[in-house]
Amino acid sequence: MEKRKALDQFLLSVQKRAFHMARIATGNDDDALDIVQDTMIKLVQKYAENNEDEWKPLFFRILQSRIYDFHRRHTVKKKIFSWFGLSKNDEGEDEDPIQAAPDTRQVTPEKKLQLSQATEQLTQAVSQLPLRQQQAFLMRMWEGMNTAETASAMGVTEGSVKTHYSRALTALRHQLEGHW
């Protein structure tokens, strides 16, 4: 019972960030929710009995696998639709629930607008990164995972994480230099 409570707390602690990562990777709220839900189910089914300190890298490794699977399926769908001369229409994007969450601090409307614009610019810039750079950046910067945890979650070497993370930072600095 204690392990179940710890697992529930862990899942609550990562759900919003995982959703945001998946949303950036997919560009769609519904797809992101599906990916996060699948990730959580897989973690509970396969790894609930593992040591608690293993959950974070495992969770993000599963999340990465689900995101890569999504992109592979999406690529196949696009090819199939193009073979038949059809184009798949994307649905309009809903408001980001993280952005819509109320701010409990006293913030002036001007500051709120600036923060919103800066967040949107950063989110847009991150979404334009190649997938591995995107995920290395999000895990290192937003999740605070160290290089070893990120490597484990991504299924790559620590050197690869460092390379992807460095390239992501360089690209983001270049893309955002005029905005900040």
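No experiment lies behind these values; they were computed from the predicted model shown.

Novice: Even after reading the chapter, I still don't get the overall build of the protein, so can you show me in this structure?
Specialist: Helix and strand counts for the protein stand at eight helices and zero strands. Along the protein, helices and strands appear, N-terminal first, in the series α-α-α-α-α-α-α-α. In the protein, of all internal contacts separated by at least 6 residues, the share reaching a separation of at least 24 is 69%. In the structure as shown, the protein presents an accessible area of about 11600 Å², 50% of it carried by carbon and sulfur atoms.

Novice: Even after reading the chapter, I still don't get the nonpolar core, so can you show me in this structure?
Specialist: Looking at soluble globular proteins, one finds that nonpolar side chains tend to be buried together. If you look at the biggest cluster of nonpolar residues, it comprises 44 residues, and the most contacted ones within it are Phe 10, Leu 43, Phe 59, Phe 60, Leu 63 and Phe 137. Tallying contributions element by element places helix α1 (residues 2-26) first for this core, with eleven residues.

Novice: I'm lost on the environment of Asn 51 in this one. Help?
Specialist: Examined against the element boundaries, Asn 51 turns out to sit in the loop between α2 (29-47) and α3 (52-83). The partly exposed category is assigned to Asn 51, whose relative accessible area is 43%. Put simply, Asn 51 and Lys 3 are 48 residues apart on the chain and 9.3 Å apart in space, counted from C-alpha to C-alpha. One polar contact links Asn 51 to Asp 53, side chain to side chain, over a distance of 3.1 Å.

Novice: Would you mind going over a negative patch on the surface with me for this structure?
Specialist: The grouping of Glu 2, Glu 52, Asp 53 and Glu 54 at the surface amounts to a negative patch. Broken down by element, the residue count for the negative patch peaks at three residues, all from α3. Looking at the element boundaries, Glu 54 is found in helix α3. On the accessibility criterion, Glu 54 (35% relative accessible area) is partly exposed.

Novice: What is the right way to look at the packing of helix α5 (residues 109-127) against helix α6 (residues 131-142) in this model?
Specialist: Packed helix pairs are specified by the crossing angle of their axes together with the interaxial distance, meaning the distance between the axes. Packing of α5 against α6 leaves a shortest axis separation of 9 Å and a crossing angle of 135 degrees. One way to sum up the angle between α5 and α6 is to call them oblique. Of the residues in α6, those touching α5 at Leu 122, Val 126 and Ser 127 are Gln 134, Phe 137, Leu 138 and Trp 142. Looking at the contact of α5 with α6 residue by residue, the class counts come to five nonpolar, two polar and no charged.

Novice: Please explain helix α7 (residues 147-154) as it appears in this structure.
Specialist: A turn of α-helix holds 3.6 residues, and therefore any two residues three or four places apart point the same way. Along α7, the positions that sit buried rather than exposed are Thr 147, Thr 150, Ala 151, Ala 153 and Met 154. Across the axial projection of α7, the buried residues extend over an arc of 165 degrees, all falling on one side. In this structure Asn 146 caps α7, since a side-chain oxygen of it lies 3.1 Å from the backbone nitrogen of Ala 148. Of the residues flanking the end of α7, it is Gly 155, one or two places downstream, whose phi is positive at about 75 degrees.

Novice: So what exactly am I meant to see when it comes to the packing of aromatic side chains here?
Specialist: The geometry of an aromatic ring pair is captured by two quantities: the separation of the ring centres and the angle between the planes. Under the criterion given, the structure shown has four aromatic pairs. When the ring of Phe 10 is compared with that of Trp 55, the centres are 5.9 Å apart and the planes differ by 50 degrees; the resulting orientation is tilted. In this pair, Phe 10 is assigned in helix α1 and Trp 55 in helix α3, connecting sequence segments 45 residues apart. The residues Phe 10 and Trp 55 share a single accessibility class, namely buried. Centre to centre, the rings of Phe 59 and Phe 60 are 5.1 Å apart; their planes meet at 90 degrees, and the pair counts as edge-to-face. Relative accessible area serves as the criterion here: at 0%, Phe 59 is assigned to the buried category. What links up through ring pairs into an aromatic cluster is the set Phe 10, Trp 55, Phe 59 and Phe 60. Arg 140 extends its terminal NZ or CZ atom over the ring of Tyr 165, reaching a point 5.2 Å from the ring centre.

Analysis parameters
- Residues numbered from 1 in each chain as written.
- Predicted model: local features only at pLDDT ≥ 70, side-chain atom pairs only at ≥ 80, totals over all residues.
- Heavy atoms only, no water.
- Helix = DSSP H or I, 4+ residues; strand = E, 2+ residues; numbered from the N terminus.
- Contact = heavy atoms within 4.5 Å.
- Areas by Shrake-Rupley, 256 points an atom, 1.4 Å probe, with all protein chains shown as cover.
- Core = buried A, V, L, I, M, F, W, Y, C linked by side-chain atoms within 4.5 Å.
- Buried < 20%, exposed > 50% of the residue type's maximum accessible area, 1.4 Å probe, protein only.
- Polar contact = N/O pair within 3.5 Å; in protein donor to acceptor, adjacent residues only side chain to side chain.
- Patch = residues over 30% accessible without salt bridge, like charges linked within 9 Å, V, L, I, M, F, W, Y side chains within 5 Å.
- Salt bridge = Lys/Arg side-chain N within 4 Å of Asp/Glu carboxyl O.
- Lys, Arg positive; Asp, Glu negative; His and termini not counted.
- Charge placed at Lys NZ, Arg CZ, Asp CG, Glu CD.
- Axes fitted to C-alpha atoms, helices over the stretch in contact; angles between N-to-C directions.
- Parallel < 35°, antiparallel > 145°, perpendicular 65-115°, else oblique.
- Nonpolar A, V, L, I, M, F, W, Y, C, P; charged D, E, K, R; others polar.
- Arc of directions from axis to C-beta.
- Phe/Tyr/Trp six-rings, centres within 6.5 Å; stacked < 30°, edge-to-face > 60°.
- Lys NZ or Arg CZ within 6 Å of the ring centre and 35° of its normal.

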